[in-house]
Amino acid sequence: MDRSSLLQLIQEQQLDPDNTGFIGVETFTGLVHSHELPLDPAKLDMLVALAQSNDQGQICYQELVDLISSKRSSSFKRAITNGQRALPRDGLLDEPGLGFYKRFVRYVAYEILPCEMDRRWYFYQHRTCPPPVFMATVTLTQIIVFLCYGARLNKWVLQTYHPEYMKSPLVYHPGHRARAWRFLTYMFMHVGLEQLGFNALLQLMIGVPLEMVHGVLRIGFLYLAGVLAGSLTVSITDMRAPVVGGSGGVYALCSAHLANVVMNWAGMRCPYKLLRMVLALVCMSSEVGRAVWLRFSPPLPASGPQPSFMAHLAGAVVGISMGLTILRSYEENLQDQCGWWVVLLSYATFLLFAIFWNIFAYDLLGAQVLPPP
């Protein structure tokens with residue numbers, strides 16, 4: 001039975017004969033069991049919680065429609081929170097007889113979501129289609145591009161020191177600012193095996209679970225926003241330096257996730273969260289330190305400035321601002337939130353400023369940019 005048929009059945013049974021806008025939860029629950037309706041257990045639990053939030057033990061008809069339609073507004077979540085004392089005390093960890101994939105979905109729920117209500121909702125609502133293809137596709141493309149350039153240059157570490165590397169049409173170089181695609185395509189190029197391995201590992205360990213929970217559109221947008229902010233920030237703050245690597249997008253995802261964990265520390269149930277938080281911060285700081293070292297103290301003779309580290313920091317800023325807003329809005333419409341529009345307007349303002357900077361500032365400031373290879 002689909003959603004429209006279920007709603008039609010509710011109307012036919014006259015669950016709200018006086019048109020009050022409210023339906024008795026016991027009446028509706030009896031209807032579900034008598035007709036053996038395929039309603040997820042998590043939805044039945046939340047139905048009781050919604051009724052508990054009402055003084056008369058009733059559920060608003062519109063909230064019932066939203067529940068069946070898998071829509072959750074801020075008011076819906078507040079009503080659930082007010083009545084969540086009626087939710088079962090046992091968590092998803094007590095679910096018996098799960099297969100390998102469902103256990104993985106449960107693991108993702110506990111890794112990403114901060115409260116049991118959201119975890120149960122995600123667990124029962126999760127569908128395998130569409131799969132998390134964005135992060136997997138980006139990572140695979142980066143690996144293929146790296147292997148192609150490694151074989152061509154016969155160099156697998158510190159590829160940027162090879163004179164032919166900067167001739168790639170994918171690398172961002174300040175002398176090629178007019179080629180706008182380079183502000184994004186630099187994410188497919190990497191300094192060497194060490195940078196590629198670090199980024200690929202984080203993209204798969206953090207990016208894929210985030211994409212499974214929040215969807216390809218939100219996580220893809222966040223990742224690309226971090227990448228674009230990274231190259232534009234370099235063009236403003238380190239005007240002579242090129243940029244390679246997907247660190248802007250990676251740091252946007254990681255900083256958003258870490259900030260979300262910190263802000264919901266008590267509710268996060270991922271094991272060894274303090275140890276993992278410390279290890280993540282150490283690894284991310286070490287990667288930034290390595291990038292600073294290569295930028296200002298290159299270990300090998302180079303024909304020009306080495307890639308900038310500012311993309312890492314720009315990605316982190318995007319993650320803490322835009323990314324945190326996205327991760328805190330699980331199953332909610334972003335366009336209904338004032339904070340989302342503030343963040344989006346701030347990002348758009350930065351983009352406009354960066355565009356005008358790249359058009360006029362280099363000539364006005366007389367920036368000495370080495371000619372592109």
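Residues numbered from 1 in each chain as written. Predicted model: local features only at pLDDT ≥ 70, side-chain atom pairs only at ≥ 80, totals over all residues. Heavy atoms only, no water.

Caption draft 1: Quick peek at the overall build of the protein. Along the protein, the regular secondary structure elements total 15 helices and two strands. Here the protein displays about 18,200 Å² of accessible surface, and carbon together with sulfur accounts for 63% of that area. (Helix = DSSP H or I, 4+ residues; strand = E, 2+ residues; numbered from the N terminus. Areas by Shrake-Rupley, 256 points an atom, 1.4 Å probe, with all protein chains shown as cover.)

Caption draft 2: Structural detail: a nonpolar patch on the surface. There is a patch of nonpolar side chains on the surface, built from L352, I355, F356, I359, F360, L364 and L365 and spanning about 760 Å² of accessible area. Tracing the backbone shows L352 in helix α15 (residues 338-365). (Patch = residues over 30% accessible without salt bridge, like charges linked within 9 Å, V, L, I, M, F, W, Y side chains within 5 Å. Salt bridge = Lys/Arg side-chain N within 4 Å of Asp/Glu carboxyl O.)

Caption draft 3: The UniProt feature "transmembrane region" (unreviewed entry) in the protein, seen in detail. With numbering aligned to this structure, UniProt lists the feature "transmembrane region" (unreviewed entry) at residues 133-152, 183-204, 216-236, 248-267, 274-296, 308-327 and 339-360. Secondary structure across residues 248-267 comprises 80% helix and 0% strand; the distance between its end C-alpha atoms is 28 Å. Regarding residues 274-296, the helix share stands at 100% and the strand share at 0%, and the terminal C-alpha atoms are separated by 33 Å. (UniProt positions renumbered as here; feature names shortened; annotations may be inferred.)

Caption draft 4: Region of the structure containing the packing of helix α8 (residues 133-153) against helix α10 (residues 193-214). Their axes nearest at 8 Å, the elements α8 and α10 cross at an angle of 170°. By the criterion of interaxial angle, the relationship of α8 to α10 is roughly antiparallel. In this structure, α8 crosses over α10, and the sense of that crossing is left-handed. The segment α8 lies against α10, with V133, F134, M135, V138, T139, Q142, I143 and F146 engaging L193, L196, A200, Q203, L204, G207, V208 and E211. Looking at the contact of α8 with α10 residue by residue, the class counts come to eleven nonpolar, four polar and one charged. (Axes fitted to C-alpha atoms, helices over the stretch in contact; angles between N-to-C directions. Parallel < 35°, antiparallel > 145°, perpendicular 65-115°, else oblique. Left-handed = near helix turned anticlockwise from the far one by under 90°. Contact = heavy atoms within 4.5 Å. Nonpolar A, V, L, I, M, F, W, Y, C, P; charged D, E, K, R; others polar.)

Caption draft 5: Focus on helix α6 (residues 100-112). Taking 1.5 Å per residue, 13 residues should reach 18 Å; α6 reaches 19 Å between its end C-alpha atoms and fits that length. Those residues of α6 that sit buried are V105, R106, V108, A109, Y110, E111 and I112. Elements that come into contact with the buried residues of α6 comprise α7 (116-125), α10, α12 (247-263) and α13 (273-296). (Expected span 1.5 Å × (residues − 1). Buried < 20%, exposed > 50% of the residue type's maximum accessible area, 1.4 Å probe, protein only.)

Caption draft 6: Molecular detail of the side chain of Q306. The residue Q306 is located in the loop between α13 and α14 (310-327) in this model. Taking the relative accessible area as the measure of exposure, Q306 reaches 4% and is therefore buried. A polar side-chain atom of Q306 sits 2.7 Å from a polar atom in the side chain of T160. (Polar contact = N/O pair within 3.5 Å; in protein donor to acceptor, adjacent residues only side chain to side chain.)

Caption draft 7: Region of the structure containing unusual backbone geometry. In this structure, the amide linkage connecting C129 to the following residue, P130, adopts the cis form with an omega of 0°. Here P130 lies in the loop between α7 and α8. Positioned with a positive phi, N154 is a non-glycine residue whose angle comes to about 55°. With respect to the secondary-structure elements, N154 resides in the loop between α8 and α9 (182-185). Positioned with a positive phi, L158 is a non-glycine residue whose angle comes to about 55°. Relative to the elements of secondary structure, L158 occurs in the loop between α8 and α9.

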